[in-house]
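Single-letter residue listing:
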Amino acid sequence: MTERARKNRVLTRRNFLWGLGGSAVALPLLSSLRAGAAGETFPKRLVLMYAPNGEMTDAFWPQNVVDESTFDLNLVHQPLAAYKNRLLLLDGVDLAVTDLQDAPGGLHQKGIGGLYTGQMLQSGDLFVDGCGQRAGWANGISVDQQVAKTIAQGTPFTSLELGVRANAEDVQGRIAYAGPGAALPPMNNPDDVFNRLFSNFQPGGGQVDPMTAQRRSVLDTVQSQFRLLSPRLSVSDQQKVQAHLDLVRDIETRLGTTGNGSSSCQLPVAPPTFTDSTDDMTVPNTVDSEDTMPQIAELQLDLLAAAFACDLTRVATYQISTSLNHIRYPWVNSLGEGHALSHAGDSDTDAHDQLVRRHTWHNQMLANFLDRLAQIPEGSGTVLDSTLVVMCSEVSVGNTHSHKRMPLLVVGGGWYFRTGRYLKYTDAPHNNLLVSILNAMGDNSTSFGLPSVCTGPLDNLV
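Rules used in this analysis
- Residues numbered from 1 in each chain as written.
- Predicted model: local features only at pLDDT ≥ 70, side-chain atom pairs only at ≥ 80, totals over all residues.
- Heavy atoms only, no water.
- Helix = DSSP H or I, 4+ residues; strand = E, 2+ residues; numbered from the N terminus.
- Buried < 20%, exposed > 50% of the residue type's maximum accessible area, 1.4 Å probe, protein only.
- Contact = heavy atoms within 4.5 Å.
- Areas by Shrake-Rupley, 256 points an atom, 1.4 Å probe, with all protein chains shown as cover.
- Disulfide = S-S within 2.5 Å.
- pLDDT = per-residue confidence, 0-100.
- Polar contact = N/O pair within 3.5 Å; in protein donor to acceptor, adjacent residues only side chain to side chain.
- Core = buried A, V, L, I, M, F, W, Y, C linked by side-chain atoms within 4.5 Å.
- Pairing = 2+ DSSP bridges.
- Axes fitted to C-alpha atoms, helices over the stretch in contact; angles between N-to-C directions.
- Phe/Tyr/Trp six-rings, centres within 6.5 Å; stacked < 30°, edge-to-face > 60°.
- Lys NZ or Arg CZ within 6 Å of the ring centre and 35° of its normal.
- 1 Å grid on protein atoms, 1.4 Å probe; cavity = no way out; pocket = protein on both sides within 12 Å on 5 of 7 lines; lining within 4 Å.
- Points joined across faces, edges and corners; volume = space filled by probe spheres on them.
- Nonpolar A, V, L, I, M, F, W, Y, C, P; charged D, E, K, R; others polar.

Focus: the overall build of the protein chain
Broken down by element type, the protein chain carries 11 helices and 17 strands. Residues counted as buried form 56% of the 462 residues belonging to the protein chain. Within the protein chain, residue pairs in contact and separated by at least 24 positions form 70% of the contacts whose partners lie at least 6 positions apart. Within the structure as shown, the protein chain displays about 18,700 Å² of accessible surface, and the carbon and sulfur contribution to it stands at 50%.

Some remarks on the state of the cysteines
What we call a disulfide is simply a covalent bond connecting the sulfur atoms of a pair of cysteines. Applying the stated criterion across every chain, the model contains 1 disulfide. Through a disulfide, Cys265 is tied to Cys310; the S-S separation comes to 2.1 Å. Of note, the bridge from Cys265 to Cys310 carries an S-S torsion of about 100 degrees and is right-handed in sense. With Cys265 in the loop between helix 7 (235–258) and helix 8 (293–309) and Cys310 in the loop between helix 8 and strand 12 (315–320), this residue pair connects regions lying 45 residues apart in the sequence.

Points about the confidence of the model for the protein chain
Here the protein chain averages 84 in pLDDT, and 77% of its residues register 70 or above. When the criterion is pLDDT under 50, residues 1–31 qualifies, and its contacts beyond four places in sequence or with other chains add up to 41 contacts. Every residue in residues 205–212 is under pLDDT 50, and counting partners more than four places away or in other chains gives 9 contacts.

Describing the side chain of Thr292
Secondary-structure assignment places Thr292 in the loop between helix 7 and helix 8. Looking at Thr292, its side chain comes within polar contact range of the main-chain oxygen of Thr286, at 2.8 Å.

Details of the nonpolar core
Among the nonpolar cores identified, the biggest contains 66 residues, and Met49, Leu366 and Phe369 are the most heavily contacted of them. It is helix 8 that contributes the most residues to this core, 12 residues altogether. When sequence neighbours within four positions are dropped, the list of residues in contact with Phe369 reads Val47, Met49, Leu301, Leu304, Ala305, Phe308 and Val389. If you look at the next biggest cluster of nonpolar residues, it comprises 42 residues, including Leu90, Leu115, Val390 and Val453.

Focus on the sheet that holds strand 12
Ordered in space as 9-12-3-15-16-6-17, the 7 strands form an open sheet in which the pairing is mixed. Each edge of the open sheet carries a strand with a single partner, namely strand 9 (160–164) and strand 17 (421–429). Sheet twist, expressed as the average angle between the axes of neighbouring strands with direction ignored, equals 20 degrees. Two strands pair when backbone bridges link them, and strand 3 (residues 45–50) and strand 12 are joined in this way by 5 bridges, in the parallel orientation. By the bridge assignment, Tyr50 is partnered in strand 12 with Gln319. Docked against the sheet, helix 10 (residues 349–374) engages strand 3, strand 12, strand 15 (387–392) and strand 16 (408–412), running at close to 175 degrees with respect to strand 15.

A closer look at the packing of aromatic side chains
Counting across every chain of the model gives 10 aromatic pairs. Between the aromatic rings of Phe60 and Trp61, the centroid separation amounts to 4.7 Å while the plane-to-plane angle is 85 degrees, which identifies the pairing as edge-to-face. On the basis of relative accessibility, which here comes to 7%, the residue Trp61 falls in the buried class. Taken together, a centroid distance of 5.1 Å and an interplanar angle of 65 degrees make the contact between Trp331 and Trp361 edge-to-face. A residue pair is termed long-range when its members are at least 10 positions apart, and Trp331 in the loop between strand 12 and helix 9 (338–343) and Trp361 in helix 10 qualify at 30 residues. One aromatic cluster is present, formed by Phe60, Trp61, Phe71 and Tyr422 through successive ring pairs. Across the ring face of Phe308, the terminal group of Arg45 is positioned such that the distance to the ring centre comes to 5.9 Å.

With respect to empty space enclosed by the protein
As enumerated under the stated definition, the model contains 4 cavities of 30 Å³ or more in all. By volume, the largest cavity amounts to about 100 Å³. Lining the largest cavity are Ala51, Glu55, Phe60, His77, His359, His362, Asn363, Met391, Cys392, Ser393, Pro407 and Leu409. Elements that contribute at least two residues to the lining of the largest cavity include exactly helix 10 and strand 15. The element best represented in the lining of the largest cavity is helix 10, accounting for 3 residues. Tallied by class, the residues present in the lining of the largest cavity amount to 6 nonpolar, 5 polar and 1 charged. Considered as a void within the structure, the second largest cavity measures approximately 60 Å³ in volume. Lining the second largest cavity are Pro52, Asn53, Gly54, Asn325, Tyr329, Gly338, Leu355, Arg358, His359 and His362. Here the element with the most residues in the lining of the second largest cavity is helix 10; it accounts for 4 residues. Looking at the lining of the second largest cavity residue by residue, the classes come out as 3 nonpolar, 6 polar and 1 charged.

See below:
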């Protein structure tokens, strides 16, 4: 062999292996996968949910607790009874970042800002709460956006931020952050969500979208190069490449089903048209109307389920109202304003019962969403098997504004967490749960948010 031929062979082999690594970066399905039966692999998905102003503790925490796996769900969680074996109820986890001395902002502001960022609020006069407390936006990225860096590369939409009557341009109306001071506003109108996701989308049978075409082009190139160069590779290199191509073939199978995502990927029916918000929340057919709220809440989750089925995104936030929460829920016979109801004392049985009905409805929305995911086949399982949902509020109890014993509900993540349990902690920092979420989604970080209130992943989850 001539020296020139030898150099060409070395360079070709080196370039091929470099290109192979590059293709792994370009193809999102090669990172952070859930393993299924017979070596199946599917993308993981994360949804962070928010409902305002805390919970009624006597209706939230489990009853008749024998041990961490033997307990009865309380009133507000009855809609989730069918999914009890997928639940984690985490008691004794504190939103410690809100209790730091001289931390800016009021209790609602600090709570919602730190909920998924694990950070304090920035100082300043940008926002003033009802008690005169002043603050800016949260001072860090939220965990959903950090997770997106691991699992969303190459998907058409890095994340979706969805809202239901969450229009406040205020720190009390935001749960997702791209970085310090960079709050991400939720989309409240299902029309806008539908148009963003599906206006240029054609599932199987139509023209292949550019993203899918690019992925297939990379797959074809990798397989072609391997066939040409395999005879020149060492046995060790051949084994490494073959293992990679086994994954490539799995991806190609998934892409070949419809062009995007699951075999259940279909263009959903366009939602009805809702008009812009008004100051009068009783005006029908507006985004902020109390008459349309249940319909919009369902539509937003329908669209998110369709986006998951088509692998358009893998990360989402879903927030119901804001911590301001001056709204009624007439469909569950709650005619008081949510924020005022949450401030009522324990002796106000009418306020208590209204809030229990509201919180039960929140969990019914969650149960309906889980039902949808469970109906989307993916390999030998469903999309639900690959989804982790976390739900919480900005305070634990509305009339005390406490950040102790945050009302944390985790659903799914069974590929990493041991679910079907009620776990009791003592003063565990909430930031540790955020680390555990990262770890479950394939990010091996040992800290998240403000380091001084984070000691690593939360104990006893895995």
